[in-house]
Amino acid sequence: MSEVSSGTEHARVRAGRPGARPGAGGARRAAPSRNLRIEALRLLAIVGISLFHAMMPWTALALCEPQACTPDGALLSSTPVMLAPMGLIALLGAWGNHVFYMISGFFLIPSLARRSDAPGYWRSAAVATARRLAVVAASMAFYAAIAFAVDAWIVPLPGVATLGRWTLGLEFVWLYAGFVAVAPALAWVLRRAPRRAVVPAAALLLAAVFALNAYIAFVAPGDVAARGLTDWRKWMSAVTYAASFAAAGVVGMTPAARGAAARRRRNMGRLGLAAVLAATVLVEVVAACLRDVALIGALSFKSTSALSFLLALAALWCAATAGADGSTGGTCGTAGGAGDGVRDLAQAARLPAGGADSPAAARWAGRAVGALASGILGFYIVQSVFSSVFMDAGIQPLLAAVWRRASAALGVGGGSVAFLLAALACSAAFVVLVAAADRGVRQPVMRLLRLQ
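Residues numbered from 1 in each chain as written. Predicted model: local features only at pLDDT ≥ 70, side-chain atom pairs only at ≥ 80, totals over all residues. Heavy atoms only, no water.

Per an unreviewed UniProt entry, the chain goes by Acyltransferase family protein and derives from Bifidobacterium phasiani.

*Asks:* Lay out the overall build of the chain in plain terms, naming residues and giving numbers.
*Replies:* Within the chain, the regular secondary structure consists of 17 helices and four strands. The 452 residues of the chain split such that 50% are buried. Within the chain, residue pairs in contact and separated by at least 24 positions form 78% of the contacts whose partners lie at least 6 positions apart. Of the accessible surface of the chain, which amounts to about 19900 Å², a share of 69% is contributed by carbon and sulfur atoms. (Helix = DSSP H or I, 4+ residues; strand = E, 2+ residues; numbered from the N terminus. Buried < 20%, exposed > 50% of the residue type's maximum accessible area, 1.4 Å probe, protein only. Contact = heavy atoms within 4.5 Å. Areas by Shrake-Rupley, 256 points an atom, 1.4 Å probe, with all protein chains shown as cover.)

*Asks:* Which residues make up the packing of aromatic side chains, and what values do they have?
*Replies:* Taken as a whole and judged by the stated rule, the model has 17 aromatic pairs. Arranged with centres 5.0 Å apart and planes meeting at 65 degrees, the rings of Tyr 121 and Trp 122 form a pair that is edge-to-face. An aromatic cluster of three or more residues is present, and its members are Phe 100, Tyr 101, Phe 172, Tyr 176, Phe 179, Tyr 241, Phe 245 and Tyr 380. (Phe/Tyr/Trp six-rings, centres within 6.5 Å; stacked < 30°, edge-to-face > 60°.)

*Asks:* Can you tell me about helix 14 (residues 360-373), naming the residues and giving the values?
*Replies:* Here helix 14 is 14 residues long and its end C-alpha atoms lie 20 Å apart, about the 20 Å a rise of 1.5 Å per residue gives. Taken residue by residue, helix 14 has Val 369, Gly 370, Ala 371, Leu 372 and Ala 373 as its buried positions. (Expected span 1.5 Å × (residues − 1).)

*Asks:* Tell me what's going on with a nonpolar patch on the surface, and back it up with residues and numbers.
*Replies:* Taken together, Leu 212, Tyr 215, Phe 218, Val 219 and Trp 232 make up a surface patch of nonpolar side chains, about 520 Å² in accessible area. Relative to the helices and strands, Val 219 is located in the loop between helix 8 (195-218) and helix 9 (236-252). Residue classification places Val 219 among the exposed residues on the basis of a relative accessible area of 57%. (Patch = residues over 30% accessible without salt bridge, like charges linked within 9 Å, V, L, I, M, F, W, Y side chains within 5 Å. Salt bridge = Lys/Arg side-chain N within 4 Å of Asp/Glu carboxyl O.)

*Asks:* Run through the packing of helix 4 (residues 92-115) against helix 9, naming residues and quoting values.
*Replies:* The geometry of helix 4 relative to helix 9 is characterised by a closest axis approach of 7 Å and an angle of 45 degrees between their N-to-C directions. When the axes of helix 4 and helix 9 are compared, the pair comes out oblique. Once helix 4 is placed against helix 9, the crossing between them reads as right-handed. Residues Ala 94, Asn 97, His 98, Tyr 101, Met 102, Ser 104, Gly 105, Phe 106, Leu 108, Ile 109 and Pro 110 of helix 4 pack against Thr 240, Tyr 241, Ser 244, Phe 245, Ala 246, Ala 248, Gly 249, Val 251 and Gly 252 of helix 9. Split into classes, the residues belonging to the contact of helix 4 with helix 9 amount to twelve nonpolar, eight polar and no charged. (Axes fitted to C-alpha atoms, helices over the stretch in contact; angles between N-to-C directions. Parallel < 35°, antiparallel > 145°, perpendicular 65-115°, else oblique. Left-handed = near helix turned anticlockwise from the far one by under 90°. Nonpolar A, V, L, I, M, F, W, Y, C, P; charged D, E, K, R; others polar.)

*Asks:* Provide a residue-level description of the side chain of Gln 383, including the pertinent values.
*Replies:* Relative to the helices and strands, Gln 383 is located in helix 15 (residues 376-385). Classification of Gln 383 as buried rests on a relative accessible area of 15%. Engagement of the side chain of Gln 383 in a polar contact is seen with the side chain of His 53, the distance being 3.3 Å. Ignoring any residue separated from it by four or fewer positions in sequence, one finds Gln 383 in contact with His 53 and Phe 430. (Polar contact = N/O pair within 3.5 Å; in protein donor to acceptor, adjacent residues only side chain to side chain.)

*Asks:* Would you mind going over the side chain of Ser 77 in detail, with residue names and values included?
*Replies:* You can see Ser 77 is positioned in the loop between helix 2 (71-76) and helix 3 (80-90). The class of Ser 77 is buried, set by a relative accessible area of 4%. At 2.9 Å, the side chain of Ser 77 forms a polar contact with the backbone oxygen of Gly 73. In terms of polar contacts, Ser 77 uses its side chain to reach the backbone carbonyl oxygen of Ala 74, at 3.5 Å. When near neighbours in sequence (up to four residues on either side) are disregarded, Ser 77 contacts Ala 62, Leu 83 and Arg 291.

*Asks:* With reference to specific residues and values, describe unusual backbone geometry.
*Replies:* With phi around 50 degrees, Arg 291 is a residue other than glycine that occupies positive phi space. Following the sequence through the fold, Arg 291 ends up in the loop between helix 10 (259-289) and helix 11 (293-299). Phi at Arg 450 takes a positive value of approximately 60 degrees, unusual for a residue other than glycine.

*Asks:* Report on the environment of Ala 437, specifying residues and quantitative values.
*Replies:* Position of Ala 437 among the secondary structure elements: in helix 16 (residues 387-440). With relative accessibility at 40%, the residue Ala 437 sits in the partly exposed group. The sequence separation of Ala 437 and Phe 379 amounts to 58 residues, and the corresponding C-alpha distance is 9.7 Å.

*Asks:* Lay out the environment of Ala 306 with the relevant residues and their values.
*Replies:* With respect to the element layout, Ala 306 can be found in helix 12 (residues 306-321). It is 9.5 Å that separates the C-alpha atoms of Ala 306 and Leu 206, two residues lying 100 residues apart in sequence.

Here is the structure:
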């Protein structure tokens, strides 16, 4: 099984290459490579989460009822040029989380399922699971030590010493740990269940989950701030992401295809992603033109949006099947001599999108994308624990200055475009900064601990 990098199962494979240095026993030593498309999707997910958090205060201002709007809120929501993109950005938080959990389930569950027939499965799965959980725990401890040092000697970090900061404040990291813990049992069951029953059961489960989400968002949202752990609505985000993780595992276990069948899958993925994206943009634009802020808010309510899920699933399918044509270097081809043994879609998607014959620029871009994408676990922790430093004291004042100056100089329409571009630039820069720091500091520590 491939290593866990930054707490998520990624598309690293051990693909033998001509001229590889022999290892023990004369066997060829595997050279690690990654599918650039999967890595790029992971990186886009981090940027989407960053942009979502950067825009949260502004979205809250804009999604106001006319009689309760502040001056900034009224201006932000006065034009569809601003309101429609803000509605789309509001979907990115859940979309990025879905991508994170889906990629984990897509690779981890089929990998475990393939191994579940072998003797000693439960022992080996328990060891591998403990290792993954140790990465999460050690990463938490690493950033906790930094946070307490910053709070004591540099700048106060509100709530850093509270239990809530390291529990519910990092709920998405703990959810990942929980999903990893149950993955061996889930994979064992899915391996033995008839596929003709698994797929309909997964579809029914997803339909039920998102029907409940729609009921909460459109009918009974209640007082979100007053919800306790005994309120079933509080748990729907966790249930939704668990369903996303499991559903992606089922997708990953889909038998691999070659030739014309692989190309049909690739085309289906592209058309599906385009259709979901077009429908999402249309709904948000219509709601913005009508200034239906209630609809815009409900579409992305509490990270349970069906649109975010569908966009994530379509993007993953598209990334996993892109380039599939049954030839070498394709998703279902024989790159590295591995194609002949491919049995499911997750195995096929592990094959790298490009090889040594790719242009140098493409190889360098692939390395950069992979390096930054590997920081997703570190980013989750940093953006939560250090938000008062990076977001509240850094990005938000900058965005406020850009908004006021640009809207005064260019009008609401031009100012909106300048503001959104500034938000995207700040969010991307934040991701690069955190991911590069994580790559250079936390990940070497994990290697020293033999966890990565």
